[in-house]
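Summary of the model geometry
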Amino acid sequence: MATFQTLPGFREFYPEDLARRNHIFRLWRQSAQVFGFAEYDAPILEPLELYKAKSGEEIEAQLFSFVDKGGREVALRPEMTPTICRLVGARANALKRPIKWFSIAEFYRYERMQKGRGRSFNQFNADIFGEPGPEAEIELIALLIQCLCSFGLTEQDFYIRLSDRNLWFYYLEALGLDEARIHGVLGVVDRHEKYGDEAFKAYTEKFGALDAALQGKILAFLQIKSLAGLERTLATIGGDKLGPRLADWRKLLGGLEAMGLARYVEVDLGVVRGLAYYTGFVFEAFDRKGALRALAGGGRYDDLVQKLGGPALPAVGFAIGDMTFALLLEQRGLLPAIGSAPDIYCVIGGERERMAAFADIHLLRTAGYRVEYPLKDSAFGKQFKAAAESQAKLALIYGTDELAKGVVKIRDLTDRTEHEVPSAQLVTVVRDFFST
Ligand code: HAM
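These figures come from a predicted structure and were not determined experimentally. (Residues numbered from 1 in each chain as written. Predicted model: local features only at pLDDT ≥ 70, side-chain atom pairs only at ≥ 80, totals over all residues. Heavy atoms only, no water.)

The biggest cluster of nonpolar side chains holds 76 residues, and the ones touching the most others in it are Trp28, Phe124, Trp168 and Leu230. Of all the elements, helix α4 (residues 135-149) adds the most residues to this core, at ten residues. When sequence neighbours within four positions are dropped, the list of residues in contact with Trp168 reads Ser163, Leu186, Val189, Ile218, Phe221, Leu222, Leu269 and Val272. Core analysis: the second largest hydrophobic core is formed by 24 residues, Phe107, Tyr277, Tyr301 and Leu313 among them. (Core = buried A, V, L, I, M, F, W, Y, C linked by side-chain atoms within 4.5 Å. Buried < 20%, exposed > 50% of the residue type's maximum accessible area, 1.4 Å probe, protein only. Helix = DSSP H or I, 4+ residues; strand = E, 2+ residues; numbered from the N terminus. Contact = heavy atoms within 4.5 Å.)

Before going further, it helps to examine the side chain of Gln123. Within the secondary structure layout, Gln123 lies in strand β6 (residues 120-129). The buried category is assigned to Gln123, whose relative accessible area is 9%. Within the local environment of Gln123, its side chain forms a polar contact with the side chain of Asn125, the two groups lying 3.0 Å apart. (Polar contact = N/O pair within 3.5 Å; in protein donor to acceptor, adjacent residues only side chain to side chain.)

So, about unusual backbone geometry. Here the residue pair Arg97 and Pro98 is connected by a cis peptide bond, since its omega of -10° sits within 30 degrees of zero. With respect to the secondary-structure elements, Pro98 resides in the loop between α3 (81-90) and β5 (99-108). Backbone geometry places Gln391, a non-glycine residue, at a positive phi of 65°. Tracing the backbone shows Gln391 in the loop between α14 (380-390) and β14 (394-398). Unlike most non-glycine residues, Arg416 shows phi in positive territory, near 65°. In this structure, Arg416 sits in the loop between β15 (407-412) and β16 (418-422).

Encoded structure:
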């Protein structure tokens, strides 16, 4: 018989899968709260216009979009950044600065399927609005590290590649390129790691071949791996923007160093990020082994709030995706087995005993204990087997004798000891058992 399948790239969460997802979301949420970020949410379906020309060609080509019954062009959200810009922009004057917000939500991109990439996935987004200086980047990169480390990952497992679109701009400007060509080169840099010199093809088609010396300089710049290396290369080009920008770099790296986090961060000009709206520092998190696609990505986007109709408002943020992240946790054995064992399992003799048990079950559940019982009458032996399999700590036994005496028999399922307790004292005895 034919059964319906999920659409390609969409996931179903059976209870054990959802328990893992909840575990991940819970620790992300905890980290954000410790850092003083406030949680928000927004619609899954948005006007298509919100993403056109703002998120960049790649995401635009991947949109799940359609015309709704009212003739509106709409899209399932592929990311949160344009949406949060609208939310913050609309209330910018009323919100206390700096605005530190986070969300955990589902996104949709019509991507080619591969390991760690789906067509629906979840992201943890964290963003700061209203802070133009690198203080915001310090706070966000620290939060990103905390979000990963709270699961037991260390600097041996992941690292953050830090780069700067401003420096690329200043450098390429100094090499004589105009704005359109600079964007073309940034596209090359974005694709170079994956495609090597093939990445120059699109540039050449649009602007003609790059001069060999220029190409050499670009390739050398994208290989820079330290602040000292940056300073050395940039010392030759001068200009009044560079000094203050390098001071920002020192502030950012110095701040992270003071937090004890420098070991997680590497200068790497090979990262420029594919999204169109980034304006300054950009960063991405990867697993150290390089076996997985990006765990997280983010950066500064100082113009986007205004482009979407709000006031001028500096902004920076990042998102962690749940798919590569869960793969990494799994590979490192850091996803705990999440149990669903009850505290107490009731073994019930018959219909009259069931009524007595129901009264206690209700009281114990109200007191916060997880209690299970067989929904249908069955032999004692079968029920004891079910109690053992459930991995409950205690069994409560409701037999004819117990009912006649007004007691409940308690069996410790770990050491198999038993004793009788007057019904009226049951909750107190159970509470004592679980508090020792
Ligand atoms: P992004 O780099 O497109 O950035 O996505 C961030 C992370 O989401 C990626 O590193 C990856 O883990 C995950 N991700 C993206 N696409 C997929 C997919 N198709 N399947 C599975 N996981 C995926 C952004 O989305 C920016 N809006 C982040 C940001 C927030 N920038 C500023 N604030």
